[in-house]
Amino acid sequence: QKEVEQNSGPLSVPEGAIASLNCTYSDRGSQSFFWYRQYSGKSPELIMSIYSNGDKEDGRFTAQLNKASQYVSLLIRDSQPSDSATYLCAVRGYGGSQGNLIFGKGTKLSVKP
Amino acid sequence: GAGVSQSPSNKVTEKGKDVELRCDPISGHTALYWYRQSLGQGLEFLIYFQGNSAPDKSGLPSDRFSAERTGGSVSTLTIQRTQQEDSAVYLCASSLDPTASSPLHFGNGTRLTVT
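Residues numbered from 1 in each chain as written. Chains lettered and ligands numbered in written order. Predicted model: local features only at pLDDT ≥ 70, side-chain atom pairs only at ≥ 80, totals over all residues. Heavy atoms only, no water.

Draft legend 1. Structural detail: the overall build of chain B. Across its full length, chain B carries 0 helices and 10 strands. For 115 residues, the compact-globule formula gives about 13 Å, and the C-alpha radius of gyration of chain B, at 13 Å, lands near that figure. Across its three principal directions, the C-alpha atoms of chain B cover 40 × 25 × 25 Å. The burial tally for chain B puts 50% of its 115 residues in the buried class. Sequence separation of 24 or more characterises 56% of the internal contacts of chain B that already satisfy a separation of 6 or more. When the accessible area of chain B is evaluated, it comes to approximately 5500 Å², of which 44% is carbon and sulfur surface. Computing the positive centroid from 10 side-chain charges and the negative centroid from 11, chain B places the two 4 Å apart. (Helix = DSSP H or I, 4+ residues; strand = E, 2+ residues; numbered from the N terminus. Rg over C-alpha atoms; globule rule 2.2 N^0.38 Å. Buried < 20%, exposed > 50% of the residue type's maximum accessible area, 1.4 Å probe, protein only. Contact = heavy atoms within 4.5 Å. Areas by Shrake-Rupley, 256 points an atom, 1.4 Å probe, with all protein chains shown as cover. Lys, Arg positive; Asp, Glu negative; His and termini not counted. Charge placed at Lys NZ, Arg CZ, Asp CG, Glu CD.)

Draft legend 2. A look at the state of the cysteines. Residue and element names in this part refer to chain B. With the rule as written, the count across this model stands at 2 disulfides over all chains. Across a sulfur-sulfur distance of 1.9 Å, Cys23 and Cys92 are joined as a disulfide pair. Between Cys23 and Cys92 the disulfide shows an S-S torsion of about -65 degrees. By sign, it is left-handed. Here Cys92 lies in strand β8 (residues 88–95) and Cys23 lies in strand β3 (residues 19–24), a separation of 69 residues in the sequence. (Disulfide = S-S within 2.5 Å.)

Draft legend 3. View of the layout of surface pockets. Here the largest pocket defines a volume of roughly 860 Å³. For the largest pocket, the lining is made up of 32 residues, of which A:Gln38, A:Gly41, B:Gln37, B:Leu39 and B:Gly40 are closest to its centre. Going through the elements one at a time, β9 (85–92) of chain A together with β8 and β10 (110–114) of chain B are the ones with two or more residues in the lining of the largest pocket. With 4 residues, β10(B) is the single largest residue contributor to the lining of the largest pocket. Of the residues assigned to the lining of the largest pocket, the class counts are 8 nonpolar, 20 polar and 4 charged. (1 Å grid on protein atoms, 1.4 Å probe; cavity = no way out; pocket = protein on both sides within 12 Å on 5 of 7 lines; lining within 4 Å. Points joined across faces, edges and corners; volume = space filled by probe spheres on them. Nonpolar A, V, L, I, M, F, W, Y, C, P; charged D, E, K, R; others polar.)

Draft legend 4. Molecular detail of the nonpolar core. Counting residues in each nonpolar core, the largest one holds 23 residues, and the members touching the most others are A:Trp35, A:Val72, A:Leu74, A:Ile76 and A:Tyr87. Looking at this core, the elements with two or more residues in it are β3 (19–25), β4 (32–38), β5 (45–50), β7 (61–66), β8 (71–76), β9 and β11 (107–112) of chain A. (Core = buried A, V, L, I, M, F, W, Y, C linked by side-chain atoms within 4.5 Å.)

Draft legend 5. Spotlight on the pattern of salt bridges. This structure, assessed with the given rule, holds 5 salt bridges over all chains. Put simply, A:Arg60 and A:Asp83 hold a salt bridge, and the shortest N to O gap is 2.9 Å. Taken together, the residues A:Arg60 in the loop between β6 (54–58) and β7 and A:Asp83 in the loop between β8 and β9 connect sequence positions 23 residues apart. Judged by relative accessible area, A:Asp83 falls into the buried class, the value being 1%. Here B:Asp86 and B:Arg64 are joined by a salt bridge, their closest N and O atoms 2.8 Å apart. You can see B:Asp86 sitting in the loop between β7 (75–79) and β8 and its partner B:Arg64 sitting in the loop between β5 (44–50) and β6 (65–69), a full 22 residues away along the chain. Both residues of the pair, B:Asp86 and B:Arg64, belong to the buried class. (Salt bridge = Lys/Arg side-chain N within 4 Å of Asp/Glu carboxyl O.)

Draft legend 6. Focus on empty space enclosed by the protein. Residues and elements named next belong to chain A. Per the stated rule, a full pass over the model turns up 1 cavity of 30 Å³ or more. What the largest cavity holds in volume is close to 50 Å³. The wall of the largest cavity is formed by Lys2, Glu3, Val4, Tyr25, Ser26, Asp27, Ser30, Val91, Gly93 and Ile102. Per-class residue counts for the lining of the largest cavity are 4 nonpolar, 3 polar and 3 charged.

Draft legend 7. Representation of the interface of chain A and chain B within the structure. Counting residues at the interface gives 18 residues for chain A and 20 residues for chain B. Together, the buried faces of chain A and chain B total about 1500 Å²; carbon and sulfur atoms form 55% of this surface. The largest per-residue losses of area from chain A upon contact with chain B belong to A:Arg92, A:Asn100 and A:Phe103, which jointly make up 29% of the total buried on that side. At the junction of chain A and chain B, the tally comes to 0 salt bridges. Counting only elements with at least two residues in the side of chain A that touches chain B, the list comes to β4, β9 and β10 (101–103) of chain A. With 4 residues, the single largest contributor to the side of chain A that touches chain B is β4(A). Residues of the side of chain A that touches chain B, tallied by class, amount to 8 nonpolar, 8 polar and 2 charged. (Buried area = accessible area lost by both parts, 1.4 Å probe.)

Treat this as a map of the structure, not an account of what it does.
Below you can see the structure in the form of structure tokens.
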């Protein structure tokens, strides 16, 4: 059973701080990794994707991937109240399950003004 | 349209009735996915279509659930003899192709309430 694990939170950070969101996955053959943001009552929207070990930066967001340790993280710099949402980690498999995206249950982030 | 379109946005039905949920993917996207999300829970994979290949039905929770995709575009998820535990938001997503680097784009979902 392929699994994606996230701390459910809530993670509370003050405005302007760095928020760090973590995710581990069980399938060592996983090929691609995505972070989605989901506001309450809304559908998930793509924030970042990462496919190779290391860091990938996009504005205030940095995704980090370590395939040896099977974890992926998302850093949000200069956190804003508008970043308050649930962040979903998603992992795409390899081979027969390549098309399917497995989601974690999400980490709820609260940014306090 | 520019995004994934789902209808209806809300559906209230009585226990035991059948329901059909519709998804119109982004034009040109070959892969289509159905997930459901119960209140406060994560996304549960239901079924995945890719082109003309046999769908991956491994996530369907029971034989009351079925889905089809006609002409490689629009998809319909059917739930027969609905139960209260079927109440959830049903999300459809599409991707350009099923390769590793192709992200999913979600519709706004159908909120199903079974009374």
